[in-house]
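As a plain string of letters, each chain reads:
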Amino acid sequence: MTYEFSPRGVCSRKMCVELDEQGVIRSLLVEGGCSGNLQGISALVKGMSAAEAVERLKGIRCGFKNTSCPDQLAQGLEQILQQKN
């Protein structure tokens, strides 16, 4: 199933993540933000469980900001996992 959410406090504008029935990330598309970094993050999380991605990415900060695109992905995934349970 594909989920879409809008990150806050970062340069990216929209994240679309596809999870399979077991909660494994099949794809991640991000609009806006640092293209190369976000393509890298997308490649790294593909095949990873959403729960593991949350564990690895939550709390990462971007410079002086209190959040980052990886942190916003983790927060979005966390909300999706809570809704599924």
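Bear in mind that the values here come from a model prediction, so they are computed numbers and not experimental data.

(A) Spatial organisation of helix α2 (residues 50–57). Every buried residue of α2 is accounted for by Ala50, Ala53, Val54 and Leu57. Viewed end-on, α2 has its buried residues packed into an arc of 100°, placing them on one side of the element. The exposed set on the far side of α2, more than 90 degrees from its buried face, consists of Glu55 and Arg56. Residues of α2 that are buried make contact with β2 (12–19), β3 (25–32), α1 (35–45) and α3 (69–84).

(B) View of the environment of Gln75. Residue position: Gln75 is located in helix α3. Residues Gln75 and Ile25, spaced 50 residues apart in sequence, show a C-alpha to C-alpha distance of 15 Å.

Thresholds applied
- Residues numbered from 1 in each chain as written.
- Predicted model: local features only at pLDDT ≥ 70, side-chain atom pairs only at ≥ 80, totals over all residues.
- Heavy atoms only, no water.
- Buried < 20%, exposed > 50% of the residue type's maximum accessible area, 1.4 Å probe, protein only.
- Helix = DSSP H or I, 4+ residues; strand = E, 2+ residues; numbered from the N terminus.
- Arc of directions from axis to C-beta.
- Contact = heavy atoms within 4.5 Å.

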